[in-house]
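Architecture and fold: a report
The chain contents come next:
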Amino acid sequence: MSCVHRQLSQLCGVWRWKRLPSATTFPCSTFCSASSEPTDPIEIHKRKLFLWFSHLPREEKQFGGYFSPDTMHVDPLIVERKAAERVGLLGSPFRTRDLSSSSVTVEQLFEPADRSVGRGVNVLLYGAVGTGKSTVFRKLVLDWCRGTSLNHFKLLIPFSCEDLSQMTKAASLRDLVSRKYLHLRKHPILSGEGNQAEDVLFLFNGMEKINLDFRIGATELCSDPNEALPPTVVVVNLLRKYLLPEASILVTTRLSAVDRVPQRYVSRYAQICGFMDPDRQRAYFTKRLLQDTVGTSRKQEAEALIELLYLNLQRESQLAAACFLPSYCWLTCATLHCLHFTDAASPTRTLTSIYTSFLRLNFGGEVLGPGTGTTVPIQEHHSSLMLYVVRTLGKLAFDGVADKRTSFSEAELEQWVGGKTKTDEELRQLAMFRTDVLDFFLAPCVEHGKRLSEEPGGNEEKRYVFAVHGMQEYLAALYVVLGENKSVLEKLTKQVSVVIGQASEDVSALVNILSKFIPLRVFAVFNLLKLFPNLYEKFSRRNRSTIARTMVAEMFRSEDSYNEDVLDQMEQSLLGVHGPKPKQYSEGPPFELYPIFMGGLLHYGNRVLLQQLGCEIQSLTVSQITGVLRKYLVRELSKPQPPEELMDLLVLLYEFQNPRLTAEVLASIRSIRLTNIRMTALKCFILSSVLSCAPSSYLLEELNLSSCLLTQDLLQMLGPAFRHTRSLNLQFNNLGPESCIVLRDLLLDPNSSVRSLQLCDNPLQESGLLTLLEALPENQTLMHLSLMHTGLGDEGALELAQKLQHHPLQELNVAYNNIGDNAALALVDACREHPTIHTVHLYLNPLSVVGKQSLYVRGVAMSPSDRQVKVLASVTEGSDISENWHPILSVIRENASSWDRSRVTQQLKAFLRDLEWGRQQQPSFWKRLHFRRVEMGVRKTLQILEKDCPPPSA
């Protein structure tokens, strides 16, 4: 097998395949049996092709690596076109659903009945960027290797046109084949003798990347497979059917290159139309999102996501307009997988890295070619296609973000996309860009209440939006970070600075030589040349600090402060809004991903991918932006921030992936309050990852995660974050008995510094609380423990009384549980004997009047040597008003909406009886008046409960 791996590595070094998201691994047991190695060259060829085309791109590993062609591939719609229709573009995917009835497969395009005697079939398979050309190409090769497709061809030979375009030496057809596939070097099927070549199928992927010239004067004729010629000449003669005319050929290309092959050399045209109906899209989403969850607890969540996605697609939403391109289906799945299925074992994924990988998969290594009708080799053009996208569509996206707009008119597109072109070369590049790339990023705007399949009226202006909302923010961020938003004067200043800087070095060398003969002061004026680059560098630093200020200003916009956090906004853009629409406080659409993408683009991993796309971000630029960013972030964090803004800040720090910057920013944060934030797996992972960047000595005064819909699994992910806090608030969540195992381990952790733990209103039950109490004997940090409304009963209270010894607890809240008189008395007795406990909360428990009186008596110190423990069992203490009556009523009002109203009502009526009895015992008029005041507060709370309306804030 070492020989096989060595040959495979040679193939990897030579081929440059565009790795689309559907590239997958598949077991090669069909070809790699435990018996002897195959000796037939064709069988060897099948095995090696299968190994190479089954390669899994790095971007697919974020899904867990569970995919194979059989489990995740969905065939895009392929429609055969007549020659006159070959350049027809699809205006809207929803206006061409009737094409599904005339769809064909690639195998049907090569049916033996369609082949002339002694002449093979030339098929041109074309489609827009992202429709799945390379996916179909790869699947076709794998199916032939398995013997499930194109069985009437004995030999299938794939070529990459990008690879052929880089070859400079002349080579014959057989040399080209043997250079790529050594095992086919002497195979007679390519000798050209007889009709053996009718069993051969040549595949050429990406014809737009090679310059083919079919003119007789430019490309000589050749019928000898052994004659050495430039690779482009060999391909042209194959298509002309002058070289191996019996062989069949499949060529894939983009829309702009369809006419590069003259019509007389094409037997059949076929257009890949992507996923034209929601059913294909749903099948893709199902295979992507469900495959990773088979046999796991996440399957139900994945099925719910798929159902919500399908409902959104059926409404012909903006997402449906984008997802007719399989590439955007991949982006949707990758984003949802990151939002919902992130865990500690998953590789680190950020939203910025997903979008950057998405662009690398579709435009990696792409250059803006010269267009049709030019003789300049494509490889001589080094204009990055992605950089062209940034300078045109990035400018459009940036203006939209600045003006709070998401839709653009045709006039605006004309202005920013090619409005300043002058030369013929620029016009050819613009035509290619508009044909191949523009529709990949922009889609017709879907207006609210109007179906996409409807044509705009006569007076209605057709408007366009970015295919997904996040892409506008990503391109705008990339436009700014690359410095493309500079004025013409600033760009000219940079070029002059570089030229003068280079010239000043030459002048300095000349001055140093001449100074040996002529006084140096004569040439002092030349030293002024060195001053200009230094001035420009200072100006450049100021411009980069502007980028940092922009990031912070966009992050903490006052009008966006109370919008939902940015991750929830992204999820709603994919799944739609089901139910009441969230309240939006800003006037225009929010662009809160824009500053987060700006930070994520500065991460080294994303910069490496962008460099492959021809968009380079210098390390010096990153360093200067980072230094200024820290100062502005610290300044903003000195002000109180809503929970949504704090969550967005954590996302920004996570996207940045800069531990040093994160630690410096965290040093200015003393508390993190994320109340009412819907915590998901990704948000919990982000919070833990960000706090893990801080030194072990860093401690938050408070980490408030109340009402965050936490579960046991999410609690497990938050373990590293809990070690950096003194006060942990987990009340009003969905923590069950199993969650107490995580909390017990937290209290037993020697690195834990939790002093206050609030678990109110969690269904922990008696069994879970007994598990939690196992940590008390060994824990020496906890001082405040709140177990209000957690299902604690008599058994748990008695167990708690026994565990309190030698523990530094100071305050214990077990209100609103199921604790009776005997257990409450035992607990209070244990607290009296405890050296540090000073307060016990026991109100809203089923205590009798006698029991409350006994608790009050037990809490009062009988002698100077006895300790006094404040027992809060009612709004009264014996015959007097409790000094804590107002906090008790405030707690009841705040939580009455989530508590059992009948039980709370019963307890409030018991308070009224206690107050009435205490008032009758008072001889003083002023004390009786005070009792009346407290009674009014209790009755007001009762009225709120009886009316069944939301309680007022405390």
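Everything discussed here concerns the structure shown above.
This structure is a prediction, so every number in the text was calculated from the model and none was measured. Note that residues are indexed from 1 along each chain, following the sequence as it is written. Given that this is a predicted model, residues contribute local features only at a pLDDT of at least 70 and side-chain atom pairs are listed and counted only at 80 or more, while totals for whole chains, interfaces and linings are drawn from all residues. To get the side-chain values, take all heavy atoms of the structure and skip hydrogens and water.

Relative accessibility under 20% of the residue-type maximum defines a buried residue, over 50% an exposed one, and the middle range a partly exposed one, all with a 1.4 Å probe and only protein chains included. Each helix is a run of H or I in the DSSP string that is no shorter than four residues. Each strand is a run of E no shorter than two, and both are numbered from the N terminus. Most of strand β2 (residues 122–126) is tucked away, with 5 of its 5 residues classed as buried. Residues Asn 122, Leu 124 and Tyr 126 of β2 are buried on one face, and the alternating residues Val 123 and Leu 125, pointing to the opposite face, are buried as well. Pairing geometry for β2 and strand β5 (residues 248–253), over 5 bridges, is parallel. The residue bridging Asn 122 from the neighbouring strand is Ile 249, located in β5. Sheet analysis places β2 next to strand β6 (residues 268–274), joined by 4 bridges and oriented parallel. Looking at the pairing, Leu 125 lines up with Ala 270 of β6. Think of it this way: DSSP has to see at least two bridges between two strands before they count as a pair.

A separate point is the pattern of salt bridges. Any Lys or Arg side-chain nitrogen found within 4 Å of a carboxyl oxygen on Asp or Glu counts as a salt bridge. A complete count under the given rule lists 27 salt bridges for this structure. Between Asp 199 and Lys 154 there is a salt bridge, and its shortest N-O distance comes to 3.8 Å. With a gap of 45 residues between them, Asp 199 in the loop between α7 (173–180) and β4 (200–205) and Lys 154 in the loop between α5 (133–146) and β3 (155–160) connect regions that are remote in the sequence. A residue is classified by how much of its surface remains accessible, and Asp 199, at 18% relative accessible area, is buried. For Glu 701, the salt bridge goes to Arg 726, with nearest N and O atoms at 2.9 Å. One end of the pair, Glu 701, is in the loop between α26 (681–692) and β11 (702–704); the other, Arg 726, is in the loop between α28 (719–722) and β12 (727–729), and 25 residues separate them in sequence. Among the charged side chains, a salt-bridge network with shared partners connects Asp 565, Asp 568, Glu 571, Arg 678 and Lys 683.

This paragraph deals with the packing of helix α14 (residues 385–402) against helix α17 (residues 469–481). Between α14 and α17, the least distance of the axes is 7 Å, while the angle of their chain directions is 110 degrees. When the interaxial angle is binned, α14 and α17 end up roughly perpendicular. Residues Met 386, Val 389, Val 390, Leu 393, Gly 394, Lys 395, Ala 397, Phe 398, Gly 400 and Val 401 of α14 pack against Gln 472, Leu 475, Ala 476, Leu 478, Tyr 479 and Val 480 of α17. A per-class count over the contact of α14 with α17 returns 12 nonpolar, 3 polar and 1 charged. Between the N-to-C directions of two axes lies an angle of 0 to 180 degrees, each axis being a line fitted to C-alpha atoms and, for a helix, fitted only over the stretch in contact. Here the word oblique covers every angle except those under 35 degrees (roughly parallel), over 145 (roughly antiparallel) and from 65 to 115 (roughly perpendicular). Contacts are residue-level and defined by heavy atoms, with any inter-residue pair within 4.5 Å sufficient. In this count, Pro and Cys sit with the nonpolar residues alongside Ala, Val, Leu, Ile, Met, Phe, Trp and Tyr, while Asp, Glu, Lys and Arg are called charged and the others, Gly among them, polar.

Right, let's get into the sheet that holds β2. Overall, mixed pairing links the 6 strands, which are arranged β1-β6-β2-β5-β4-β3 in an open sheet. Only two strands of the sheet have a single partner each, and these edge strands are β1 (77–81) and β3. Each strand axis lies, on average, 20 degrees off the axis of its neighbour in the sheet, ignoring direction. Bridge count for β3 against β4 is 6 bridges, and the pairing is parallel. For Ser 160, the partnering residue across the bridge sits in β4 and is Asn 205.

Position of Glu 208 relative to the elements: it lies in the loop between β4 and α8 (231–239). In terms of polar contacts, Glu 208 uses its side chain to reach the backbone amide nitrogen of Arg 254, at 3.2 Å. What qualifies as a polar contact is a pair of N or O atoms within 3.5 Å, subject to a donor-acceptor requirement within protein and to the restriction that residues adjacent in sequence count only when both atoms come from side chains.

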